[in-house]
Amino acid sequence: MSSAACIFCKIIKGDIPSFKLFESEKVFAFLDIQPLSRGHALVIPKFHGAKLTDIPDEDLLEILPVAKKIAKASGAEDFNILQNNGRIAHQVVDHVHFHMIPKPNEQEGLS
Ligand code: 5GP
Ligand code: ZN
């Protein structure tokens, strides 16, 4: 299921370019266009739904292993996994996405 108006569905289809990190039958991952740190990635279900509560369990189950792989590949020892639901909770794009945000050691700087 996808939504014609959804920016992340367009990214999955390749209609909007992205820096793709991973793709499987149910999951897509790419770099955030406005990264909070180097390697800031978004991991999304291909199933279109605005909130976590809209996504079938079988699709959700495949997300965290991908986030884990990308976190490992980033080389960051410390990182955040964040997922916002609704405007009050700071969600801007209404297609479920998990942020994987590396937190570099301050002594190494942000780059
Ligand atoms: P939210 O606040 O909804 O949790 O985060 C949405 C994220 O999507 C933001 O970090 C934003 O930079 C990212 N984003 C929005 N539009 C695009 C886009 O067209 N391409 C990519 N790669 N990221 C996007
Ligand atoms: Zn979508």
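Residues numbered from 1 in each chain as written. Chains lettered and ligands numbered in written order. Predicted model: local features only at pLDDT ≥ 70, side-chain atom pairs only at ≥ 80, totals over all residues.

Chemist: Is there a simple way to explain the overall build of the protein chain in this structure?
Modeler: Within the protein chain, the regular secondary structure consists of 3 helices and 5 strands. Put simply, the protein chain runs from its N terminus to its C terminus through helices and strands in the order α-β-β-β-α-α-β-β. For 111 residues, the compact-globule estimate of 2.2 N^0.38 gives 13 Å, and the protein chain sits close to it at 14 Å. Over its C-alpha atoms, taken along the principal directions, the protein chain stretches across nearly 45 × 30 × 25 Å. Split into buried and exposed, the 111 residues of the protein chain put 26% on the buried side. Pairs at least 24 residues apart make up 54% of the contacts formed inside the protein chain by residues separated by at least 6 positions. (Helix = DSSP H or I, 4+ residues; strand = E, 2+ residues; numbered from the N terminus. Rg over C-alpha atoms; globule rule 2.2 N^0.38 Å. Buried ≥ 20, exposed ≤ 12 C-beta atoms within 10 Å, placed from the backbone. Contact = placed C-beta atoms within 7 Å.)

Chemist: Looking at this structure, how should I read the site of ligand 1?
Modeler: In the vicinity of ligand 1 there are 14 residues, among which Ile 33, Gln 34, Asn 84, Val 92 and Val 93 approach most closely. Its residues assigned to classes, the shell around ligand 1 shows 8 nonpolar, 5 polar and 1 charged. (Near = placed C-beta within 6 Å. Nonpolar A, V, L, I, M, F, W, Y, C, P; charged D, E, K, R; others polar.)

Chemist: Looking at this model, I keep getting lost on unusual backbone geometry. Mind explaining?
Modeler: For residues other than glycine, phi is negative in most cases, and the peptide bonds are mostly trans. Its identity as a non-glycine residue notwithstanding, His 90 has a phi of 75°, on the positive side. Note on placement: His 90 falls in the loop between β4 (79–82) and β5 (98–102).

Chemist: Can you walk me through the UniProt feature "active site" (unreviewed entry) in the protein chain in this structure?
Modeler: Following the UniProt record, the feature "active site" (unreviewed entry) maps to His 97 here. As for its position among the elements, His 97 is in the loop between β4 and β5. In this view, His 97 contacts Phe 8, Leu 42, Val 43 and Ile 44; residues no more than four positions away in its chain are not counted. (UniProt positions renumbered as here; feature names shortened; annotations may be inferred.)

Chemist: I'm lost on the environment of Thr 53 in this one. Help?
Modeler: Relative to the helices and strands, Thr 53 is located in the loop between β3 (41–45) and α2 (57–60). In this structure Thr 53 comes out as exposed when scored by C-beta crowding, with 8 C-beta atoms within 10 Å. Spatially, the C-alpha atoms of Thr 53 and Val 96 are 9.4 Å apart, while their sequence positions differ by 43 residues.

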